[in-house]
Amino acid sequence: MTDVYDVVIVGSGHAGAQVALALLQRKFAGSIAILTEEHVLPYERPPLSKEYLTREKPLDRILIRPAAFWAERGVSFRHGFRVVALDPEARRVICASGERVGYGALVWAAGGRPRMLPDLPAPLANVHVLRNVEDADRLMAGLEAAQRVAIVGAGYIGLEVAAAGAVLGKAVTVVEAADRVLARVSGPALSRFLVEEHRARGVDIRLSATLAGIEAGAGRVTALRLSDGARIACDCLIVGIGVAPAVAPLLAAGARGGNGVWVDPFCRTTLPDVFAVGDCALHANPFADGREIRLESVQNATDMAKVAARTLMGDPAPCEEVPWFWSNQYDLRLQSVGLVAGHDTEILRGRPEDRSFSVLYLRDGRLCAADCVNAVKDYVAARRLVAGGTRLDPARLADAATPLKEMIPAAAVC
Amino acid sequence: MATIYVCDREGAERSIQGTDGFSLMETLRAGGFEEILAICGGCASCATCHVYVDAAFLEKLSPMSLDEDDLLDASAHRRPESRLSCQIRVSDALDGLRVTIAPED
């Protein structure tokens, strides 16, 4: 016998959990099941590279909702359930164990898996990625025994783990192939500032550094060799080079996609009654000029989940939320809004040496993104300015003495 | 242990028990309110745990930081009694606190 649920959600990250929450909030009367590879209830992922990693917050404090919440509302969980195939005609998914689950509607929120170094010899005991709580627990155990920590990739995960490692007293080296950190998501002014901050805390950051080889012995990495001849000895290696979307079963079933599974503005895939949300959903984003992108963020997961729940319940509204993101490293609060791509002007507002400043990105005189460091006022105003899309005066934007709020057109001020 | 009375977005009120040392946001989340998004998990980086606090209790709460004040400005529904629930630490002194979950932005 095949179990059948009105809504089957694949994945229990922020996106999957939020689909269930949004359905409950809208008084969805049908049955809901969450199929997940994970063995614990939905939890927040951002702390895994921050307070969870430094043992300031245990798992029960980062659960998105407590166990009783899900149980009282009849949300079924299937843990350790890896979906390997999808039969859109029969409306069911097939698990690695052979078990089948039928659906009225399917919401794919499977996220992705961290990319691994392509030429790593065999599984090595002290090589880590960081995506889920199992990764984090393994990394925490590894860090305890390690003194020299090497990190490949200076994206958010790499930098946050570097900060946590430095706080824990480790000797941390970050190896980045690009000539600056956060190259994929931010401008050079922010990159320069963050490199200086990390270096001031003793983190060794190697830019334009490509891996030439990995030395291993007794099933463990012992050193990285860089193409410039440098050798970085390490007891623990963390690989933070991005995520590959987990969408193979959908694509195999005929869904349109490639780098992720394609969805329309209502989170519908090209398969009937199959939706996708979160990190794995390839969508035309109004803040990326309509380009098809994936966004890996809690905000995007949450907003797409709400959109999918509305579509499912016959009250559709397109997804058009301004992307935003945050990162905490040391005592730095970085808040970003919009998407850094295709801008023609970068404006520095405030002084990085004051450790409170913003970088504003403009295209055709309109604010398309902002990175704000310890500058919450700027961030709050920038969200309105990015959403509003009005033409702005670069000279005024650069003047930190003039609040950004004053540049919001009167009609947009609440 | 503090008893906290919570009014949800539909106007229904029920009470929940607070745990000393936890934030009000964590308490609301544990208390089963779907509406509390708390996207940033309580690190004061968003404003998705916005509540209105009964005026009688405003002075018993830890004062608002500049960051919290700025973040609340992001809400179209800000009122004088607005707070971010992640910035309120629950203690016995808050026994009887009444809060209302602010509308979604």
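This structure is a prediction, so every number in the text was calculated from the model and none was measured.

Draft legend 1. Local environment of helix H8 (residues 376-388) of chain A. The end-to-end C-alpha separation of H8 of chain A is 19 Å, in line with the 18 Å expected for 13 residues at 1.5 Å each. Every buried residue belonging to H8 of chain A is among Val 376, Asp 378, Tyr 379, Val 380, Ala 381, Ala 382, Leu 385 and Val 386 of chain A, and all of these are buried. Check the buried side of H8 of chain A and you find it contacts strand E22 (324-329), strand E23 (332-338), strand E24 (345-351), strand E25 (356-363) and strand E26 (366-373) of chain A together with helix H2 (66-72) of chain B. Phi turns positive, to about 65°, at Gly 389 of chain A, one or two residues after H8 of chain A.

Draft legend 2. Quick look at the interface of chain B and chain A. The partner chain A presents 31 residues to the 30 residues of chain B that form the contact. Counting the surface lost from both chain B and chain A, the interface buries some 2500 Å², and carbon and sulfur atoms represent 48% of this. Taken together, the links from chain B to chain A amount to 8 salt bridges. A salt bridge links Asp 70 of chain B to Lys 377 of chain A, with the nearest nitrogen and oxygen atoms 2.6 Å apart. Taken together, the connections running from chain B to chain A amount to 17 residue pairs in polar contact (both at pLDDT 80 or more). At the level of elements, helix H1 (24-30) and H2 of chain B are the ones that each hand at least two residues to the side of chain B that touches chain A. Within the side of chain B that touches chain A, the residues separate by chemical class into 13 nonpolar, 6 polar and 11 charged.

Draft legend 3. Inspection of the pairing of strand E5 (residues 92-95) of chain A at higher detail. Residues and elements named next belong to chain A. In terms of strand pairing, strand E4 (residues 83-87) meets E5 through 4 bridges, oriented antiparallel. Bridging across to E5, Leu 86 finds its partner in Val 93. Connecting E4 to the next strand, E5, in antiparallel fashion are 4 residues, including Arg 91 with a positive phi near 55°. Connecting E5 to the next strand, strand E6 (residues 100-108), in antiparallel fashion are 4 residues, including Gly 98 with a positive phi near 100°.

So, how was this worked out
Residues numbered from 1 in each chain as written. Chains lettered and ligands numbered in written order. Predicted model: local features only at pLDDT ≥ 70, side-chain atom pairs only at ≥ 80, totals over all residues. Heavy atoms only, no water. Helix = DSSP H or I, 4+ residues; strand = E, 2+ residues; numbered from the N terminus. Expected span 1.5 Å × (residues − 1). Buried < 20%, exposed > 50% of the residue type's maximum accessible area, 1.4 Å probe, protein only. Contact = heavy atoms within 4.5 Å. Buried area = accessible area lost by both parts, 1.4 Å probe. Salt bridge = Lys/Arg side-chain N within 4 Å of Asp/Glu carboxyl O. Polar contact = N/O pair within 3.5 Å; in protein donor to acceptor, adjacent residues only side chain to side chain. Nonpolar A, V, L, I, M, F, W, Y, C, P; charged D, E, K, R; others polar. Pairing = 2+ DSSP bridges.

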